[in-house]
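# Structural overview
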Amino acid sequence: ALVHMGKEVIIVTSGAVGFGKMKLQVQAVMSQTVRNTLSWGSNASPPMLDSRACAAAGQSGLMTLYDAMFSQYGVSIAQILVTMSDFQVDAHRANMCETIKELLALGIVPICNENDVFYSNTESREFVMSHQNNTISTFNPNFKGPGTHQHTGADGEDTDEYRAPKVVRLTANDSLTALLAVQLDAQLMIMLSDVDGIYTAPPGRSFDIGGSSPKLLHTFNPDDPKMESIEYGRDQRVGRGGMAAKVESAKFALNHGVHCILGNGHNQDILQKIFEGRSVGTLFTRQIANHEAPHVRALEARAASRQLVALPASDRRLILESIAAKINKQAEVILSANQDDVNQLNSSFDDEVPRGVKRQAQYQAQAMLLTKRKIKALATAVEAIALQASHAVGKNVRWVKVGDGLYLEQETVPMGVALCVFDDTSPDVVAEVAALCIASGNAILLKGTERSGHKTMSVLHKIFTEALQERKVSLNACTLILQREAFEDYLSLDGHLDIVIPRGGRELLDFVKANTKIPVLGDAEGLCHVYVHEDADLGMAAKIIADSKCSRSGFGSSALQTLLIHSKLIEQGHLEELIGPLQLAGVVTYAGPRLRAQFRTQAIKMPAARSLNTEWDHGACAVEVVDSIDEAMTHINIHGSHHTDVIVTSDDMAARTFSKGVESACVFYNCSTRFSDSYSFGLGNQVGMETKRAYNRGPVGIEGLMTSKWLLKGKGHVTETMGAQRTSNWVLQKKCVTCGMDVSG
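Attention now moves to the sheet that holds strand β2 (residues 77-82). Ordered by their spatial adjacency, three strands build an open sheet running β1-β3-β2, and the pairing between neighbours is parallel. Looking at strand neighbours, the two that pair on one side only are β1 (11-12) and β2, the edges of this open sheet. In the sheet, β2 pairs with strand β3 (residues 109-114) via six bridges, with the strands oriented parallel. Bridging from a neighbouring strand, leucine 81 pairs with asparagine 113 of β3. Helix α3 (residues 51-71) contacts β1, β2 and β3 of the sheet and is inclined by roughly 150° relative to β2. With respect to the sheet, helix α5 (residues 90-105) is in contact with β2 and β3, its orientation differing from that of β2 by roughly 170°.

Turning next to helix α11 (residues 331-347). Compared with the 24 Å implied by 1.5 Å per residue over 17 residues, the 24 Å span of α11 between its first and last C-alpha is a close match. Every buried residue of α11 is listed here: Ala331, Ile334, Leu335, Ala337, Asn338, Asp341, Val342 and Leu345. Angular distribution of buried residues about the axis of α11 spans 165°; they occupy a single face of the element. Set apart from the buried face of α11 by more than 90 degrees, the exposed residues are Glu332, Gln344 and Ser347.

This part is about the sheet that holds strand β17 (residues 417-422). Overall, parallel pairing links the four strands, which are arranged β19-β18-β17-β20 in an open sheet. Each having just a single partner strand, β19 (478-481) and β20 (499-503) make up the two edges of the open sheet. Ignoring strand direction, the axes of neighbouring strands in this sheet form an average angle of 20°. Each of β17, β18 (443-447) and β19 is contacted by helix α15 (residues 454-470), which is oriented at about 155° to β19, the strand it contacts most. Taken strand by strand, helix α17 (residues 506-514) contacts β17 and β20, and its axis lies near 160° from that of β20.

It is worth spelling out the pattern of salt bridges at this point. Under the defined criterion, the tally for this structure stands at 15 salt bridges. Between aspartate 315 and arginine 471 there is a salt bridge, with the nearest N and O atoms lying 3.3 Å from each other. Here aspartate 315 is found in helix α10 (residues 313-329), whereas its partner arginine 471 is found in the loop between α15 and β19, with 156 residues between them in sequence. The class for arginine 471 is partly exposed, based on a relative accessible area of 33%. Between lysine 401 and aspartate 404 there is a salt bridge, with its nearest N and O atoms 3.8 Å apart. A relative accessible area of 19% places lysine 401 in the buried class. A relative accessible area of 61% means that aspartate 404 is categorised as exposed. Salt bridges linked by common partners bring Lys326, Glu466 and Glu470 together as one network.

Each value, and the rule that gives it
- Residues numbered from 1 in each chain as written.
- Predicted model: local features only at pLDDT ≥ 70, side-chain atom pairs only at ≥ 80, totals over all residues.
- Heavy atoms only, no water.
- Pairing = 2+ DSSP bridges.
- Helix = DSSP H or I, 4+ residues; strand = E, 2+ residues; numbered from the N terminus.
- Contact = heavy atoms within 4.5 Å.
- Axes fitted to C-alpha atoms, helices over the stretch in contact; angles between N-to-C directions.
- Expected span 1.5 Å × (residues − 1).
- Buried < 20%, exposed > 50% of the residue type's maximum accessible area, 1.4 Å probe, protein only.
- Arc of directions from axis to C-beta.
- Salt bridge = Lys/Arg side-chain N within 4 Å of Asp/Glu carboxyl O.

Structure follows, in C-alpha cells:
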C-alpha cells in the first residue's frame, strides 16, 4: 500500500540463517549414516551448522518468500546484500547508494540484508561516522564520543554545540537499518519487533524501578535522564539483535536527523496506522512532548475519578454550582470565542463548493452557534444537574435480608471514566455531558474534531477546571484533548475507558460503533414518524408536525423525519394544510413513491424522496401516504429506527392499537416527538437515547453513567451453616428502599 501511495520503501530483513538452517539440517540428516543418526537420540547431538553456510543456503528461500508475497500486489523487489566494506570504502558506499536509489526510482522495493556469509556469529563490526561528510571509517575501540563539545564562540563566550555520538556497531540488522537510513537520508525509520515498543521495564516483569507495572513509552527522548534507568530484556535467542541493540540503532539514526518508530510487527495494519498519524509504538524524538499519550491520559483520568467519587456529595454539588455561576459571569467571553469558531467554520467553505455541502456547513455553523439565551439555559441546566449530584452516588436501590443477621444491599457507583467524542454539535451539549459526569463521580475525556469549536470548548473547559481546583480535585477529572490525535487511539482503550458518549452527526456515531469495543451510550438514530389518522384534528396535527420538525428544544435525534398521512385526508384536499407550516419554516418536503404515484397532482411541486430510510437534516423531511393504521404501523416498524413515533387521532382505540403495534422505545399520542428526552420524562438532563431491546430503552438520564455494587454484611456467616438446600435458614426478605414496605412477594 505504501508503494502504491508513492512512498519510497526500503526493507531491511533477517531470516536467511534461519531458512538455511532448516534446509541444511535436512541435508545433514540425509548425509549421515544410519548409525550416526540413531546415536543422536542417546548421548550425541546433531552436527553443528556453520551460520555462514546457513546464510548462503537460506538467501534463495528468503527472497522466494518475499517475491511471492509482493507479487500478489504487483510490486517488484530486488535483493541487496551488504558487507562491512560497503560502508567503509567510499566507492563501494557510493555504488550501494546509487543502486538503491535507481531501484527506488523504478518503483522496485530493495530487500536489504547483511551478507552473513563473510562473518561469524560473534564477529562485531563497528564504525565511526564523521559529522562533516557522513563518511565511515573503521572503529577505534578506545574512542569515546562525547555528546557535546565546548568551544569559544565569536563573542568570546563558551557555547555548547551538540555533537551526535559517532559510534554504531554493525552487529545486527537493527544497526544495518540505521546505517542505511542515515546514508540514504531517509525521512523515517520503522523497526518492527514482537513487542509494542519501549517499556519502563521488560514487559514480563511485574514491577519497574518505580514500583509500578511496566508502562509503554510512546516517546523516547535520549536526552531525558530518566531514559538511562530503563532496563531492557535480554537479547533474542536467535541472531545477534535485541531491544538494547534496537534502542542504540534508533538513537544513532535520530542523532543524524532520521526519526524512528519502534512498534509491534504482529499488529495488523501497523504501517497504515503510523502513516495515519496514530499513536503506535515508541517514537524516538528530542522534542519535549506537550501532551500525554492516550493511555496515560486515561490512567490519569481513572485516578481522578477515584478522587472525585471519594468526595462528599455536597462537594460535587458545590463544584457544579460554581461552574453554573462562572458560566453566567463569563457569558460574554464564551460568546466571543464561539463567534470566532463560527466564523472559522464559515470561512472554511468558499463559493466554489457544491451547494449541498455549503448548506450542510451552514447547518453545522447554526448548530455550533451560542446565544445569550443558550448560555443562560446551560447555566440553569448545570444548576439542575447539581441537585442530582446530591443523591447520584451511593444510592441504595435494593435491600434484601438474606438470613438472620445477613443483609444484602445494592447501591449505585460511577462507571469510572467516560470518553465524549464530538464534532459539529453545540458546545453547550458537550458541557452538559461533562457536568453530568462530575455529578455522577465520573472523570471525562473530551475529544473533538477541527469542526468542534475549539475556542469555545477551551473557555468552557477552563471554567470546569477552575471549579475543580477550588475543591482541590485533580484537573484530570475533566480533560479537553485538542491535539490532532486520531479518535481510534482513544476508542481502542477498552481496558482503560468504561463508556463512550458520541455527540454529533450520524456519521460520527456509526464510526464510533464500528471502531470500539467500549460500550457506547449514543444519541441513537432518530428516524421518527408522525402518523396523521383519518379522524385527526387538522389544526392540532399541523402544530404537532411543525414542532416535531422545527423545534430546537429536546434532543436532536427526536426530530420528525417522515410524515405519514391517511389517504382520505389527501383526497379531501388537506395535504397543503398539514405540510404548509413546514414549508413556511423553510423545510423541504420530499414526496414518497406512493404519494407521487397515487396523488400526482397534489405532489407535483414536491421533489422525490430518495429513500424512506433517510435521517434528513434540519431542513428536510419525507411525506408518504398510507391507507390504514395497519399500513402506518407496518411502515414504521420496517423503515423506522424504533426511537419515537407519534399518532395524531381523535380515536382512543386507534391510539391504543397504534401504541401496541409500533415497536419503538417511545410511542406518543397527540403530542410532539420533541418530548422524547429524559428531562420531559422526569429523569433529569439527558445523556443519550437507547433503542436496543437488550437495555433500558428510551431516553437515558444520569443513571446511564452509573452502575452498581453489591454489599453483603454478615456476622461470621458461611454457606455451610445456611444450609445447602437454601430452605429454612434462607429468609430472602425484600424491602422497598423508599418506603420500607415488605416487597418479597
